[in-house]
Amino acid sequence: MSYSKHAVALHYDGRTTPQVTSKGVDQLAEHIIEQVKQQGGLIHEDPVLLEYLDKLKVGDTIPEQLYVIIAELIAFSWFINGKTPPGWEGSENINTVV
């Protein structure tokens, strides 16, 4: 059995619903992961979440069923990077790739 690596990158601007910015398989997946690492984004491995996200097209926003899990991942990513949501005291301009 051949294993294929998949990656789906999301972008969240702090105001609108997160959307799929890129996705790929095998070499393209590796490239996406490397780019996200270089940009300081969160890499999260979850086969069940990937199954849902992989059905989306680039440019699609995440479906409502995924709001809670994606919000938790974004909050965690912001926390470990020392960022705060827009409108919070001491907030900075947030442009996060997850």
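The paragraphs below set out a description of the structure included in this document. Computed from a predicted model, the values in this text were never measured in an experiment.

1. Structural notes on the pattern of salt bridges
Then, number 1: This structure, assessed with the given rule, holds two salt bridges.
Then, number 2: Residues Lys23 and Asp54 are paired through a salt bridge, measuring 3.7 Å at the closest nitrogen-oxygen approach. Here Lys23 is found in strand β2 (residues 19–25), whereas its partner Asp54 is found in the loop between α2 (47–53) and α3 (67–80), with 31 residues between them in sequence.
Then, number 3: Relative accessible area serves as the criterion here: at 25%, Lys23 is assigned to the partly exposed category.
Then, number 4: What makes Asp54 partly exposed here is its relative accessible area of 27%.

2. Regarding the layout of surface pockets
Then, number 1: Computed from the structure, the largest pocket encloses a volume of approximately 610 Å³.
Then, number 2: In this structure, the largest pocket is lined by 23 residues; those nearest its centre are His6, Ala7, His44, Glu45 and Leu50.
Then, number 3: Only β1 (6–12), α1 (27–38), α2 and α3 provide two or more residues apiece to the lining of the largest pocket.
Then, number 4: The leading source of residues in the lining of the largest pocket is β1, at five residues.
Then, number 5: For the lining of the largest pocket, the residue count by class is 17 nonpolar, three polar and three charged.

3. Description of the packing of aromatic side chains
Then, number 1: Under the definition given, this model contains zero aromatic pairs.
Then, number 2: Sitting above the plane of the Tyr52 ring, Lys55 keeps its charged end 5.7 Å from the centroid.

4. Brief notes about the environment of Leu53
Then, number 1: Mapped onto the fold, Leu53 is located in helix α2.
Then, number 2: Sequence separation between Leu53 and Val20 is 33 residues, and the spatial gap between their C-alpha atoms is 8.1 Å.
Then, number 3: Those residues within four positions of Leu53 in sequence are excluded, and the remaining contacts are Val8, Leu10, Lys23, Ile62 and Leu66.

5. Some thoughts on the nonpolar core
Then, number 1: One finds Leu10, Leu49, Leu53, Ile62, Leu66 and Ile70 to be the most contacted residues of the largest nonpolar core, which totals 14 residues.
Then, number 2: Only β1, α2 and α3 provide two or more residues apiece to this core.
Then, number 3: In terms of residues, this core owes the most to one element, α3, which gives four residues.
Then, number 4: Residues within four places of Ile70 in sequence aside, it is in contact with Leu10, Pro18, Leu49 and Ile62.
Then, number 5: Within the second largest apolar cluster, six residues are counted, among which are Ala7, Ala9, Ile32 and Ile33.

Analysis parameters
- In every chain, residue numbers begin from 1 and rise along the written sequence.
- Totals for whole chains, interfaces and linings use all residues, but because this is a predicted model, local features are given only for residues with pLDDT of at least 70 and pairs of side-chain atoms are given and counted only at 80 or more.
- The side-chain figures draw on all heavy atoms in the structure; neither hydrogens nor water molecules are used.
- Salt bridge, as used here, is a side-chain nitrogen of Lys or Arg placed within 4 Å of a carboxyl oxygen of Asp or Glu.
- Secondary structure is summarised from DSSP: a helix means a run of H or I of at least four residues, a strand means a run of E of at least two, and numbering begins at the N terminus for each.
- Relative accessibility decides the category of a residue: with a 1.4 Å probe and only protein chains considered, values under 20% of the type maximum give buried, values over 50% give exposed, and everything between is partly exposed.
- Lining residues are defined by having an atom within 4 Å of a point belonging to a cavity or pocket. Those points lie on a 1 Å grid over the protein atoms alone, cavities being sets where a 1.4 Å probe fits but cannot get out and pockets being open sets with protein on both sides within 12 Å along at least five of seven lines.
- Grid points are joined across faces, edges and corners, and a volume is the space filled by probe spheres set on the points.
- Classification used: nonpolar for Ala, Val, Leu, Ile, Met, Phe, Trp, Tyr, Cys and Pro, charged for Asp, Glu, Lys and Arg, polar for all others including Gly.
- Put simply, two rings from Phe, Tyr or Trp (the six-membered ring, in Trp's case) pair if the centres are within 6.5 Å, and we call them stacked under 30 degrees between planes, edge-to-face over 60, tilted for the rest.
- In this analysis the charged atom, NZ for Lys or CZ for Arg, is taken to sit over a ring once it is within 6 Å of the ring centre and within 35 degrees of the ring normal.
- We call two residues in contact when some of their heavy atoms are within 4.5 Å.
- We define a nonpolar core as any set of buried Ala, Val, Leu, Ile, Met, Phe, Trp, Tyr and Cys residues linked to one another through side-chain atoms lying within 4.5 Å.

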